[in-house]
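Report on the structure
Here are the chains, one letter per residue:
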Amino acid sequence: GVIVTSIKIGNMRKDNVNEMICDSLGLLPRQTKPLSEIVHSKTNGNALFVKQFLTSLFEAGFLRYSPSVRRWTWDIDNIRSKRVTDGVAELMMDKMLRLKSNVQYALMVAACLGSQSEQSILKLLSKDTDSSNDDFIASLDEVVSEGFMFKVGSSAYSFSHDSIQLAAYSLIPDKEAMHLKIGRQLLDCSSQGELESIIFVVAAQLDRGSMLITDPDEKIKLAKLNLKAGEKAIEQSVFSSASLYLREGVKMLSIEDWHGEHYELCLQIHSACVESLGVNGNWDEMRIYLSKIFTYAKCFEDKISGYYSLAKSLGAQNKRADVIDLTVEILSQLGESFPEDPSTSEVLGLDFLLTNERLEGTTMEGILIADEMKNEKTILSMKFLNLLSLYLYIGRHPLLPFTIFRMVRLSLTHGNCKESSLAFASFALMILYMSNDVERAYRFGNLAIDLVGKSNAKDCVARVHLTVFGLISPWKDYAPVCVEGLNIGYEEGMEAGDVIFAMMNAHVYCSLSLTYGQQLDEFIEKALFYAQQMKRYKQTTVLPSTLVYLQFALNLVSYSEDPTVLTGELMDQEVVLKDALENDYHNTVHLIYCLRLWMAYLFGKDELAATMIDQCKSTNSPFSGARNTITINETFYCGLASTTLFMKTRKKKFESLAYSSIKKMKKFAEDNSWNFSHKVKLLDAEIFVLKQDIDMAKKTYNEAIELAGKHRFIHEQALACERAGTFHSVLGNHITADEYFRRSHELYLKWGAKCKADDVRKKFLTE
């Protein structure tokens, strides 16, 4: 037989279009270049479109032969304003209408399927007994030969241009009937395995013709099909598509179905629809479907998934008090109650003691291999306790430790469920809060990582990584390990649809990356991406604080009249502060004061630094002495600023703060030398200056510079150089001081802090 080779001809480049036009018009390439550039921009180089567009220009009189100059001329302004569809669509449709009926039919079917059609689907459609569809694939090959479509390898057919698909689609007289026919045919001709692989296509076709379905049984069948498609889309984390299928499935159901044999179908499809809409941040529409669940569900247990989705949506909308009230109420109905006054230290101490007693005799390995939790009621309690603990943490609510201790005791008593990994991660955090035992906290954190891996609970990865890598590991692990763990938490969370905790990972990633001295341009690019995602998914809880970090970084990289004021293109400091204070968002308030303290010290604003120290202390969390990421910078810059302020004012308050800060930082360094030892050295150097121990000050500044460089904390290496320069300048060692200042200037530039580098240059460097 004859060997047939298929050659796909792609779109032409600008120079190809120009060659075609100059050859056709008999002109030089430089003469036709302005025309060819416009033609290429309007047709994207599609050969068929170029030909049709030039024909339409000729017929409109915009391209004509001029006898007077004996060459082709054109009206460039009219051509520039002419739409490619003007005339071209009509020409294409006219050409399509001249095709044989079976070829036209194949073209219209392909148009219904979208811009590209898989050959496996088209072969299923060729099983139709309708004689007009005999040799369906051969008809499509004729469509290809006419230039309307091209073959993608041996597996698919694709339209040459979106406008061609639209033109073919417009030929269909009854579009809904056509979609319904295609959907029914695919459903009837597919095996179970085939249907599983093309379920999105089948559901989409039937949905577009569903208004023509009158048979109640077929409606139920389509509702079930959409439920399967929606659940598959959720598994693949394509939540916007999931919402489309599930909405269409709901349309196929009636109120009577809630009261009859299809009750379970109604409950499942409404619950799945609520979940997908919640992930996408469609709160108002989500409530419509929730109201049906709460109205028609037969019992509390059937409403529980709806309550869980509602609680998550309230949290994402910053309605923290509503989340707490709702989850506490649900937990009480599940049999989990809490102390009326959780703020007393005696009650908290007893609950902590009770949990530690329950842990006596257990080992990490024993907890890891414990039996699986079976009690459904207990599993539900664990889910709500886990969600509740997040919003209690954000608001520094005194009930937080009790929820965590309860999760640990339930896991030890009833076995492990996927939320057990969250329980032990949170328990590790409580150990830090209540006893500052980093080693023990770190062991429980690693247990949580092992548990989430063992259970393959992808929907728990984001929360566990947030707690372990964001709040525990920074006190023990090398900085990049923590940052990478948070990045994985974000990615896994988004893939699993756990948007809330994914965004929390992104937020803490920003906090740690800035603290660890990530190159500022890279930081801003990543943080801007996260902020855009937070806006897209309406995660307003973490967005304000993320914007605070971003504005801080922007003030450092570009000129700012007063970089200590966190107001600029992204936020207004006073507006954010007012909103945070009104809503009791202590973290955001504390963060703003802490970052302004950092800026005040960097730019030598001593009075502002003193004010920010007071503000930081007044807004500290109820868990005094607790470790968190903000604590690192607050301790460091409070210590540095207080030393400077004491030397200037001789106020005992600042002396006390300086020594308490260095004591705290030394404790941090005992647990994690890599992340904190250079900070201790710089604080020590400042204390030696205070004590007028010149030799030790010189030695310790150099040690701080060396360690910061070795551990890759470039921003703090720059600061140590600047402080060493100031020290030598006061001593009159101007040549040495100049060397330190120049190195500081270079390091600030390397970090990306151009504003701070300019500050060093203007204050300390001579041209």
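Residues numbered from 1 in each chain as written. Predicted model: local features only at pLDDT ≥ 70, side-chain atom pairs only at ≥ 80, totals over all residues. Heavy atoms only, no water.

A word on the overall build of the chain
On a plain count of helices and strands, the chain comes out with 40 helices and five strands. Oriented by its inertia axes, the alpha-carbon framework of the chain measures out at about 95 × 80 × 50 Å. Burial analysis of the chain (767 residues in total) assigns 56% to the buried set. Within the chain, contacts between residues at least 6 apart in sequence are counted, and of these 67% link residues at least 24 apart. Working note: accessible area of the chain is about 33,700 Å², and carbon and sulfur atoms make up 51% of it. Charge centroids of the chain, computed over 85 positive and 97 negative side chains, lie 5 Å from each other. (Helix = DSSP H or I, 4+ residues; strand = E, 2+ residues; numbered from the N terminus. Buried < 20%, exposed > 50% of the residue type's maximum accessible area, 1.4 Å probe, protein only. Contact = heavy atoms within 4.5 Å. Areas by Shrake-Rupley, 256 points an atom, 1.4 Å probe, with all protein chains shown as cover. Lys, Arg positive; Asp, Glu negative; His and termini not counted. Charge placed at Lys NZ, Arg CZ, Asp CG, Glu CD.)

Some points on the sheet that holds strand β5 (residues 156-159)
One open sheet holds the three strands; their spatial order is β3-β5-β4, and the pairing between them is antiparallel. The open sheet has two edge strands with one neighbour each: β3 (116-118) and β4 (149-152). Mean inter-strand twist for the sheet, computed between neighbouring axes without regard to direction, equals 25°. Across three bridges, β3 lies against β5 in antiparallel orientation. From the neighbouring strand, Q116 faces β5, where its bridge partner is S158. With respect to the sheet, helix α8 (residues 136-145) is in contact with β4 and β5, its orientation differing from that of β4 by roughly 115°. (Pairing = 2+ DSSP bridges. Axes fitted to C-alpha atoms, helices over the stretch in contact; angles between N-to-C directions.)

A closer look at unusual backbone geometry
Its identity as a non-glycine residue notwithstanding, N456 has a phi of 50°, on the positive side. On the secondary structure map, N456 appears in the loop between α25 (438-455) and α26 (458-472). Exposure remark for N456: the relative accessible area of 55% places this residue in the exposed category.

Focus on the layout of surface pockets
One number sums up the size of the largest pocket: a volume of about 620 Å³. Listed by contribution, the elements that provide at least two residues to the lining of the largest pocket are α13 (216-235), α16 (263-279), α18 (300-316), α22 (376-394), α26 and α27 (479-496). The class makeup of the residues in the lining of the largest pocket is twelve nonpolar, seven polar and ten charged. (1 Å grid on protein atoms, 1.4 Å probe; cavity = no way out; pocket = protein on both sides within 12 Å on 5 of 7 lines; lining within 4 Å. Points joined across faces, edges and corners; volume = space filled by probe spheres on them. Nonpolar A, V, L, I, M, F, W, Y, C, P; charged D, E, K, R; others polar.)

Examining empty space enclosed by the protein
Tallying each qualifying case throughout the model produces seven cavities of 30 Å³ or more. Every residue lining the largest cavity is counted, 29 residues in all, and those nearest its centre are Y393, M504, H507, V508 and N587. Counting only elements with at least two residues in the lining of the largest cavity, the list comes to α22, α23 (400-414), α24 (420-435), α26, α28 (499-515), α30 (543-557), α32 (586-602) and α34 (629-649). Of the residues belonging to the lining of the largest cavity, the class tally is 16 nonpolar, eleven polar and two charged. Quantified by volume, the second largest cavity comes out at close to 140 Å³. The wall of the second largest cavity is formed by 15 residues, among which G278, V279, K312, G497 and I500 lie closest to the centre. Of all the secondary-structure elements, those providing two or more residues to the lining of the second largest cavity are α16, α17 (283-296), α18 and α28.

The values reported here are purely geometric and, on their own, carry no functional implication.
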